[in-house]
Amino acid sequence: MAALLQHLGAEPLVLPLIDFERAADPAPLDAGLDRLAAGGFDWLVVSSVTTVQVLLAEAAERGVPLAELVPAGTKVATIGTSSRHVLESVGLTVDLVPGDVQSADGLLKVWEKASSRVFLPQADIAAPGLREGLAAKGADVTAVVAYHTVDYPAREEARLTAEVPAAVVNPGNGTLAVLNPDDVRKAFDAGTLDALVAASPSAARRLAAMFPTLGTCRFVAIGRPTAVEASRLGMTVGATAQEPTPDGIVAALQSVFANEGNPQ
């Protein structure tokens, strides 16, 4: 996203909000992965790129590539193109991904009703909708906490450090400016921030707590769940990306400024 914004002449500024830690109780995840490797699931459902990071770390600890941890007979589903690209880059075939609505709701819409055994590793703060929706369609869902979402920075000894393959990372051009909350407050006061992007409901919650008022700054959400949460918190949502991808967010930003008669 930063690379795209820079290419269009914008100045992307980074404010770290959330971080990720390994599961405090690793036993359920370990047991689920043992069962996965033994062919005990029909489906592995991956709901975030962070979940892929966890799976990569767990596979590395077991001394095998992630593609070998998932048996050939186990299908893989994910909720968006970013997770699909990362999974495919490490040798996994993604059998199901929603098209128009890239979210948990989108996956449920294309999920066929049938009896199946599903492994669902998630964040500790994951909403129950995906698990409950899969169960309603006949799945026997084993949902486990794969990682904890925490305020930035995570504890060094617990931080999730596995990285996605470099082939799917676009670092942009030059060095990005990284802000702290005080920098952002000063920018709000000075009116020098044009837009604020939140890439998850948890990020929206943190932003609302840190910055009760945004002034003239426009709030842009990565998708409907983030927009709904922001609205619930009293934030005015200027735009919501049609797709939860860097291209989708940039398109939403462009629409905001174009509608205001400022096509920059």
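Bear in mind the structure is a predicted one, so any value in this text is a computation, not a measurement.

Reading guide: rules and limits
Residues numbered from 1 in each chain as written. Predicted model: local features only at pLDDT ≥ 70, side-chain atom pairs only at ≥ 80, totals over all residues. Heavy atoms only, no water. Helix = DSSP H or I, 4+ residues; strand = E, 2+ residues; numbered from the N terminus. Buried < 20%, exposed > 50% of the residue type's maximum accessible area, 1.4 Å probe, protein only. Contact = heavy atoms within 4.5 Å. Areas by Shrake-Rupley, 256 points an atom, 1.4 Å probe, with all protein chains shown as cover. Lys, Arg positive; Asp, Glu negative; His and termini not counted. Charge placed at Lys NZ, Arg CZ, Asp CG, Glu CD. Arc of directions from axis to C-beta. Polar contact = N/O pair within 3.5 Å; in protein donor to acceptor, adjacent residues only side chain to side chain. Core = buried A, V, L, I, M, F, W, Y, C linked by side-chain atoms within 4.5 Å.

J.: Before we go on, may I ask you to explain the overall build of the protein chain in this structure?
T.: Broken down by element type, the protein chain carries 11 helices and 10 strands. Principal-axis analysis of the C-alpha atoms gives the protein chain an extent of 60 × 40 × 30 Å. Split into buried and exposed, the 264 residues of the protein chain put 45% on the buried side. In the protein chain, the share of contacts with a sequence separation of at least 24, taken over all contacts with a separation of at least 6, comes to 66%. A total accessible area of about 13400 Å² is found for the protein chain, and carbon and sulfur atoms account for 51% of it. Computed over 19 positive and 30 negative side-chain charges, the separation of the two mean positions in the protein chain equals 6 Å.

J.: Can you walk me through helix α7 (residues 129-136) in this structure?
T.: Every α-helix carries 3.6 residues per turn, so stepping three or four residues along brings you back to the same face. Every buried residue of α7 is listed here: L130, G133 and L134. Here the buried residues of α7 occupy an arc of 100° about the axis, which is enough to place them on one side. Tucked into the core, α7 has its buried residues touching β3 (43-46), α6 (104-110), β5 (116-123) and β6 (139-151). Immediately downstream of α7, the backbone of G138 shows phi near 100°, a positive value.

J.: What should I look at first to understand the environment of K113 in this one?
T.: Its place among the elements puts K113 in the loop between α6 and β5. Sequence spacing of K113 and G138 is 25 residues, and the spatial spacing of their C-alpha atoms is 6.0 Å. Non-local contacts of K113, meaning those with residues more than four positions away in its chain, are made with A136 and K137.

J.: Looking at this structure, I do not really get the side chain of R159. What am I missing?
T.: Relative to the elements of secondary structure, R159 occurs in the loop between β6 and β7 (177-178). On the basis of relative accessible area, R159 is assigned to the buried category, the value being 17%. A polar contact of 3.0 Å, which involves the side chain of R159, links it to the side chain of D19.

J.: Explain unusual backbone geometry to me, please; I cannot follow it from the model alone.
T.: A cis amide bond links Y152 with the next residue in sequence, P153, at an omega value of 0°. Tracing the sequence through the fold places P153 in the loop between β6 and β7.

J.: Is there a simple way to think about the nonpolar core in this case?
T.: In this structure, L66 and F119 are the most contacted members of the largest nonpolar core, which totals 26 residues. At the level of secondary structure, the elements contributing two or more residues to this core comprise α2 (27-37), β3, α3 (49-61), α4 (66-69), α5 (81-89), β5 and β6. Counting residues per element, this core draws most heavily on α3, which supplies 5 residues. If we ignore the near neighbours within four places in the chain, the residues touching L66 are L55, L56, A59, V90 and L92.

J.: Hey, could you run me through the side chain of T51 in this one?
T.: Residue placement: T51 occurs in helix α3. Looking at T51, the relative accessible area reads 0%, which means it is buried. Beyond its immediate sequence surroundings of up to four residues, T51 is in contact with V46, P121 and Y147.

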